[in-house]
Amino acid sequence: MNKIINEYTNTLLNINEQYDIELTNYLKILFRENTSKNIIFSILNKFGKNNLFDVLERKTIAPANDRYNHTLSAFLLGLIVRDNLHIDMRSLPKIISESHKENFFYFWMLICLYHDCAYDIENNDSAKDCKTITDFVREYGVTYNFIEKSEYKELFINYYFYRTNDMKVIDHGIAGAILFYDTFMSFYEECRKSTHTSKGKSFTCKKGDKLLHFSADFPKHMLLVANTIARHNIFSAGIGDEEKYRNYHLDDLIPTSNCFSKVCLYDKLSDAKNKILFMLEFIDTIDPIKILSKSDNNQKSWIYMMNDVEIGFNYAKQQMYLKYPDNLVNVYSKDINNWLGVMLNINQNVYTFEIERKSERQIA
């Protein structure tokens, strides 16, 4: 196994070289102060995709700095997992090139770096009166509401209301997806109209010093990203919650007696081919920074504990290993099997995750 901080550094160096993004100045101060935020913004700016964070900062509802640490860690970990286990992402649309790896990078960049963009809205006072998605759309001046185009429209409407009415919070996944789609479609339409391009056509638009290319399928790609972000925080019914879920018309989120993991709902929710959704949910759950920062009361020493976290892989067995410092116990719960159908084995401070169990998860 290798130190995870070294794997993160090597991954950033690869991004630096492949996409010509200057990140080397941040490597020695990784996860300190505003470093994570600066790296994320640098990557998104390179692709002309920092629009939403700019909007959120102007509205003073951007995530707190510590959330960027988790987001960057999850982004890098996802790239590492994909590369080491060679997870097949060929079902993703082709964007950048014929390279499946580069197409995964593009979608993973947008999905992962924006998945928690609305995290601070979840308990925001100005959002508490947004009981329904209609209320939220009105409150935040949304023009392009992806919910209306989504095949999961009913699920999102009902789950959003369940969260606001029963749990008294805004679901940050659904809220973030709404803001994401609206921001990028507004930008797309502005560019399309400025170039006098008909709908359904590809075009190039100059914004500042960047020449941005929009494919004819850009709206479909943004819908894919929004659907994935919106679903990442949706939980299946726990034991005893079945009747409550029925009352909110969330019957599709009620597992059967044969399988209690969310993975068994994938076919039911038409997610059989959406490995990138599984990747987001898995990485979001096990991210070491998320784990260490929760276990660290003073919110400082976790940065140094990251230097002792190790990671390894066994491609043949589709296994991933995370090793934590000896003083940390019970870092992960075997409930992850109920959540995502991932087999977890614990040997002292070494955690083994079996990513693909094809007999139970048939994801194309």
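Anything mentioned here points back to the structure above.
As the structure is a computational prediction, the values presented were derived from the model and not from experiment. (Residues numbered from 1 in each chain as written. Predicted model: local features only at pLDDT ≥ 70, side-chain atom pairs only at ≥ 80, totals over all residues. Heavy atoms only, no water.)

### Here's the deal with the packing of aromatic side chains
Then step 1. Tallied over the entire structure, the rule returns 35 aromatic pairs.
Then step 2. An angle of 55 degrees between the planes, with centres 6.1 Å apart, marks the rings of Phe146 and Tyr181 as tilted. Here Phe146 is found in the loop between helix H6 (133-139) and helix H7 (153-166), whereas its partner Tyr181 is found in helix H8 (residues 172-194), with 35 residues between them in sequence. For the residue pair Phe146 and Tyr181, the accessibility class agrees, reading buried in each case.
Then step 3. Members of the aromatic cluster, joined through ring pairs, are Phe41, Phe53, Tyr68, Tyr114, Phe180 and Phe184.
Then step 4. Lying across the ring of Tyr119, Arg67 places its NZ or CZ 3.6 Å from the centre. (Phe/Tyr/Trp six-rings, centres within 6.5 Å; stacked < 30°, edge-to-face > 60°. Helix = DSSP H or I, 4+ residues; strand = E, 2+ residues; numbered from the N terminus. Buried < 20%, exposed > 50% of the residue type's maximum accessible area, 1.4 Å probe, protein only. Lys NZ or Arg CZ within 6 Å of the ring centre and 35° of its normal.)

### Some remarks on the packing of helix H3 (residues 51-58) against H8
Then step 1. Contact geometry of H3 with H8 gives a least axis separation of 9 Å together with a crossing angle of 110 degrees. Regarding the angle of H3 to H8, the classification is roughly perpendicular. In terms of crossing hand, the pair formed by H3 and H8 is right-handed. Counted together, Asn51, Leu52, Val55 and Leu56 of H3 and Gly176, Leu179, Phe180, Thr183, Phe184 and Phe187 of H8 form the full contact between these two elements.
Then step 2. Taken together, the residues of the contact of H3 with H8 break down into 7 nonpolar, 3 polar and no charged. (Axes fitted to C-alpha atoms, helices over the stretch in contact; angles between N-to-C directions. Parallel < 35°, antiparallel > 145°, perpendicular 65-115°, else oblique. Left-handed = near helix turned anticlockwise from the far one by under 90°. Contact = heavy atoms within 4.5 Å. Nonpolar A, V, L, I, M, F, W, Y, C, P; charged D, E, K, R; others polar.)

### A few points about empty space enclosed by the protein
Unoccupied space between atoms shows up once a probe the size of one water molecule is rolled over them.
Then step 1. Scanning the model with the defined rule gives 2 cavities of 30 Å³ or more in all.
Then step 2. Roughly 30 Å³ of volume is contained in the second largest cavity.
Then step 3. Along its surface, the second largest cavity is lined by Phe53, Pro63, Arg67, Tyr68, Thr71, Leu113, Asp116 and Cys117.
Then step 4. Partitioning the lining of the second largest cavity into residue classes produces 5 nonpolar, 1 polar and 2 charged. (1 Å grid on protein atoms, 1.4 Å probe; cavity = no way out; pocket = protein on both sides within 12 Å on 5 of 7 lines; lining within 4 Å. Points joined across faces, edges and corners; volume = space filled by probe spheres on them.)

### Section: the layout of surface pockets
Then step 1. Empty space within the largest pocket amounts to approximately 770 Å³.
Then step 2. If you trace the largest pocket, you find 32 residues lining it, with Arg67, Asp284, Lys290, Ile291 and Lys294 closest to the centre.
Then step 3. Elements that contribute at least two residues to the lining of the largest pocket include exactly helix H4 (65-85), helix H11 (275-286), helix H12 (288-295), helix H13 (302-305) and helix H14 (336-340).
Then step 4. Split into classes, the residues belonging to the lining of the largest pocket amount to 10 nonpolar, 10 polar and 12 charged.

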